[in-house]
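# Topology and contacts: notes
Below, each chain spelled out in residue letters.
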Amino acid sequence: MGCSQSTVDKGPGKTGAAPMSKQEIGKRIDSIDETKTCTLGGVKLRYAYLSQRGYYPDDTNKPNQDSYVVTHDFAGRPADAFFGVFDGHGRDGDKCAQFVRDGLPALLARAMTKERAAVSAGELGKEKTQEVISKAHSECNRRMHVNQELDDSLSGTTSISVYLHGGRNRITISNVGDSRAVIGRVATPEGKEGAAANSTPVAPSSTLKAFALSRDQTPYRRDERVRCRKAGARILSLDQIEGLEPIDEDEAERDEQIHMNGGSGSGEMVLGEEIDEGGDPPRVWSPHGDYPGTAFTRSIGDHIAEELGVTAIPEMLTRELTPEDRIIVLASDGVFEFLTNQSVIDICAKFADPLEACRAVVAESYELWLQYELRTDDITMICMFVDGVDPSHSLRASDVALEVSAKDLQVLGTPPSTEAAEGESDALAMSSSRPVRKNMSLEKSRQLQKMKKASSIRDVTDESEEDFDIESLYNEKSDEEKARIAEAIRASVVFQNITEAQRELIYQVMEPMEVKKGQWIIKQGTVGDRFYIVDEGSFEVRILAENQEDTDGKGGNRVHVYEGSRERHSHPSFGELALMYSAPRAASVIAQTDGHLWALHRYAFRKITAEQGARRDAEKVLRKIDVFKSFTSDEMKDLTSYLCEAKYGRGDTIIREGEAGDSLFVILPGGNCERVLTAEDGKRTTTKLDGDDFFGEEILKGGGKKYQSTVTATNKISCWQLSRSDVKRVIGSKRKGSTNMA
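Residues numbered from 1 in each chain as written. Predicted model: local features only at pLDDT ≥ 70, side-chain atom pairs only at ≥ 80, totals over all residues. Heavy atoms only, no water.

Turning our attention to the overall build of the protein. Each helix and strand in the protein was counted, giving 20 helices and 31 strands. Buried positions account for 57% of the 742 residues belonging to the protein. A sequence separation of at least 24 residues applies to 77% of the contacts in the protein between residues at least 6 apart. For the protein, the accessible surface area stands at approximately 30100 Å², while carbon and sulfur atoms represent 49% of it. (Helix = DSSP H or I, 4+ residues; strand = E, 2+ residues; numbered from the N terminus. Buried < 20%, exposed > 50% of the residue type's maximum accessible area, 1.4 Å probe, protein only. Contact = heavy atoms within 4.5 Å. Areas by Shrake-Rupley, 256 points an atom, 1.4 Å probe, with all protein chains shown as cover.)

As structure tokens, then:
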């Protein structure tokens, strides 16, 4: 069948403490050897694929549950091809993904051949093609249910695929679950798609606009929530299931009413927007127990969830390729957890080779997982560069109108358009998906808090922010150097909203660093103040597991390697959290080769981008504390630069009466706590604390270093945390004389 298929690494077992070699890390990556070039009817195409097995510290031998397939000469047609990415889940998730990888293309090819034989013209229209594809998915799902070699009761796979009918320059996207298809189209300076013929390959200078070809099927979508509830499902997050977050009893009725009235768009993703900030999305649950808990509403397999509306029926979109279409990406949800559609297309557009584009996107995704989570997901991607579209293979204008119907656009949750290709693309761009995560998970936050308490090492600058001389960092960069820095920060959330003037200043203050092989750039547990871009060289990432001692001095288990290359336009980055607040490093980074880095200091970044609104609000709250009432405005800005965000779950005790204290806290808006104070006569007083309230300030006064009350979170909250040592540091640098702190 000509399939290119993923393989599962079944090498020798590894323990959590044993470091992986570079070769072992390489085994986690399964990819095409080199980019494939082909002409499919009127479409000239280059494509590549890559899959990287995730890092799970509690299960280092966990197989890659992603799979993929590329099939040429599909269904006996040299001009047709099939591309698919499958993201398995559950105990037998890898087997489910491989089952669909092997079974779906074969079922579809046979069905296509049979249906074409029954048509005199030998060609299938859009509706018939979609009908055949939908039936193939359902049949594959049925066969999985009865397969004796896997258990799909609580396992299954998502599926995103493209059937490319080159004879008509046509693609049909089929989506089951929350993997995704995205297309990058040439954009003019005015922001509209250009009309120039596609005669040149994608180049790093291309300006492409991303459009969604699929829409995530998750409980974030109101229509999917309503559909699953009609099948008897409950839609709740894990914290709601466990009683840590309140349940909105009126939500189901409200969703039903809005959906009946044709509402979508505004308010579509209200459910879970705050919940998911910590990686806790809404899920599908049985009314009879706390299962299956799927974070998607469609899947192949998942026999138990199927009774709750988790169906294998795909949503489909058929469209004609045009000369403006340049990049098509199919990827598992591991790519889109922290990257937007536009970020993915932007990264791809930097490269002239789709294999290099795959490597860059997967590496960027993996690195963001390591920054914001304790683990990484499996990450898989197929990237297609469309180098030419021959209009002579396109349908007649009268037929094109049939290719994009109002029904298609309504399925994607957007109003029907009277225009065909252009109307469809605009509608797709507006389609909503699950939110891109911008914050670390609760588990990651807790780990950093433990590390901060255990660590006495700091690698931050000794001077205060006010004394920090940003001008001393100014150094001229060539246009080529600026371009490399711009490539590196393009996908980062931290740099999303900076102005051009701020961008130029950031270029100027980036510090060049020549490093030698074996040099430690950052050390796990230390509190650092710089963000790094790898300009050239290899740098390994090592992590010590909780309570693991670094007995050999190597920094723990090697989990990743950053590869920087000017030739390949590859410039990964690390240490991003240091720009936002003072937090312990979650991993160590060590140079494997001589190399070159660019470093950006937190103080420089803050001076350029100005204080974030939340920190300004915190400054107002801190002003209420006696110790800080005499601080100048500049001193307060210096103080708030040390604020570190800490997260707590409902029922977590943040401080305990009588225990030695080292930090004060400011509750961020939306948080609620309960404070219990014991008087000298033993009588207890309970008070409620809300957003912008503070506690723990008693550790700053006189010689008192013990907390005088117990504070417990009553919902999932975030707090600004300010340590006593940081306060003393600011006071020491500003006021060499007396102070109210002991």
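Before going further, it helps to spend a moment on the packing of aromatic side chains. Counted under the stated rule, the structure contains 12 aromatic pairs. Each ring, one from F495 and one from F605, has its centre 5.5 Å from the other, and the planes form 75°; the classification is edge-to-face. Of this pair, F495 sits in the loop between α15 (479-489) and α16 (500-509) while F605 sits in helix α17 (residues 602-609), placing them 110 residues apart in sequence. Both residues of the pair, F495 and F605, belong to the buried class. Centroid distance F665 to F695: 5.2 Å. Interplanar angle 15°. Geometry classified as stacked. Here F665, found in strand β26 (residues 663-667), pairs with F695, found in strand β29 (residues 694-695); they are 30 residues apart in sequence, far enough to count as distant. What makes F695 buried here is its relative accessible area of 0%. By the ring-pair criterion, three or more aromatic residues cluster together here, those being F74, F82 and Y163. In this structure, K62 is placed above the aromatic ring of Y56, and the distance from its NZ or CZ to the ring centre is 4.0 Å. Across from the ring centre of F336, 4.4 Å away, lies the NZ or CZ of R180, which sits over that ring. (Phe/Tyr/Trp six-rings, centres within 6.5 Å; stacked < 30°, edge-to-face > 60°. Lys NZ or Arg CZ within 6 Å of the ring centre and 35° of its normal.)

When pLDDT is averaged along the protein, the result is 81, and 78% of the positions lie at 70 or above. Per-element confidence in the protein ranges from a low mean pLDDT of 36 for helix α12 (residues 406-411) to a high of 98 for strand β13 (residues 300-301). Contacts from residues 190-205, a stretch scored under 50 in pLDDT, to residues over four places away or in other chains number 46 contacts. In the model, residues 396-432 has pLDDT below 50 throughout and makes 57 contacts with residues more than four positions away in sequence or in other chains. (pLDDT = per-residue confidence, 0-100.)

As a further point, take the nonpolar core. In terms of nonpolar packing, the biggest core is built from 140 residues, with L45, F495, L600, L622 and F628 touching the most fellow members. Top element by residues in this core is helix α10 (residues 354-372). It accounts for 11 residues. Excluding residues within four positions of it along the chain, L45 makes contact with K36, T37, C38, L40, F83, L164, M384, F385 and V386. Membership of the second largest hydrophobic core comes to 25 residues, among which are Y163, V176, A312 and M316. (Core = buried A, V, L, I, M, F, W, Y, C linked by side-chain atoms within 4.5 Å.)

Now for the sheet that holds strand β28 (residues 684-689). Taken in spatial order, the four strands line up as β25-β30-β27-β28 in an open sheet, and their pairing is antiparallel. Taken across any chain shown, the strands that pair with only one partner, and hence form the sheet edges, are β25 (653-655) and β28. Strand-to-strand twist across the sheet, computed as the mean angle between neighbouring axes with direction ignored, equals 25°. Judged from the two bridges that link them, β25 and strand β30 (residues 710-713) form a sheet pairing that is antiparallel. Opposite I655, over in β30, you have V711 as the bridge partner. (Pairing = 2+ DSSP bridges. Axes fitted to C-alpha atoms, helices over the stretch in contact; angles between N-to-C directions.)

Close approach of charged atoms lets side chains of opposite charge pair. Taken as a whole and assessed by the stated rule, the structure comprises 40 salt bridges. A salt bridge links D92 to R91; its shortest N-O distance comes to 3.9 Å. A residue is classified by how much of its surface remains accessible, and R91, at 67% relative accessible area, is exposed. For the salt bridge of R91 with D151, the shortest nitrogen-to-oxygen distance reads 3.4 Å. Placement of R91 in the loop between β5 (80-89) and α2 (93-117) and of D151 in the loop between α3 (126-146) and β6 (156-165) is noted, with a sequence separation of 60 residues between them. Sharing partners across several salt bridges, the network here consists of R221, D223, E224, R227, R298 and E315. (Salt bridge = Lys/Arg side-chain N within 4 Å of Asp/Glu carboxyl O.)

Strands belonging to one sheet form pairs held by backbone hydrogen bonds; the direction of such a pair is parallel or antiparallel. Taking strand neighbours across the sheet as the criterion, the three strands line up as β10-β11-β12 in an open arrangement whose pairing is antiparallel. With partners counted over all chains shown, the strands left at the sheet margins are β10 (234-236) and β12 (292-294), one partner each. Direction aside, the axes of adjacent strands within the sheet are offset by 30° on average. Relative to strand β11 (residues 283-285), β10 runs antiparallel, the two sharing three bridges.

The interhelical angle for the contact between α15 and α16, taken along N-to-C directions, is 110°, at an axis separation of 11 Å. Taken together, the axes of α15 and α16 lie roughly perpendicular to each other. Where α15 crosses over α16, the handedness of that crossing is right-handed. Seen from α15, the contacting residues are K482, I485, A486 and I489; seen from α16, they are R503, E504 and Y507. The class makeup of the residues in the contact of α15 with α16 is four nonpolar, no polar and three charged. (Parallel < 35°, antiparallel > 145°, perpendicular 65-115°, else oblique. Left-handed = near helix turned anticlockwise from the far one by under 90°. Nonpolar A, V, L, I, M, F, W, Y, C, P; charged D, E, K, R; others polar.)

Another point: the packing of helix α4 (residues 222-230) against helix α6 (residues 251-260). Orientation of α4 relative to α6, taken along the N-to-C sense of each, is 115°, at an axis distance of 9 Å. Where α4 crosses over α6, the handedness of that crossing is left-handed. For the pair α4 and α6, the contacting residues are R222, D223, R225, V226, R229 and K230 in the first and E251, A252, D255, E256, I258 and H259 in the second.

The next thing to look at is the environment of A491. Relative to the assigned elements, A491 resides in the loop between α15 and α16. What makes A491 buried here is its relative accessible area of 6%. Taking the C-alpha atoms as reference points, A491 and L339, 152 residues apart in sequence, are found 7.0 Å from one another. Those residues in contact with A491, other than ones at most four positions away along the chain, are L339, S343, I347, E364 and Q496.

So, on to the pairing of β26. Each regular strand carries side chains that alternate between the two faces of the sheet. A large share of β26 lies buried, amounting to five of its five residues. Taking every second residue as pointing to the same face, both faces of β26 are buried, with S663, F665 and I667 on one and L664 and V666 on the other. Where β26 and strand β31 (residues 717-723) come together, five bridges link them in antiparallel fashion. By the bridge assignment, S663 is partnered in β31 with S723. Across two bridges, β26 lies against β29 in antiparallel orientation. Across the sheet, residue F665 finds its bridge partner in β29, namely F695.

A few words now on the environment of D726. Note that D726 resides in helix α20 (residues 724-734). For the pair formed by D726 and S663, sequence separation is 63 residues and the distance between their alpha carbons is 9.2 Å. Reaching out from D726, the side chain makes a polar contact with the side chain of S723 at a distance of 3.0 Å. (Polar contact = N/O pair within 3.5 Å; in protein donor to acceptor, adjacent residues only side chain to side chain.)

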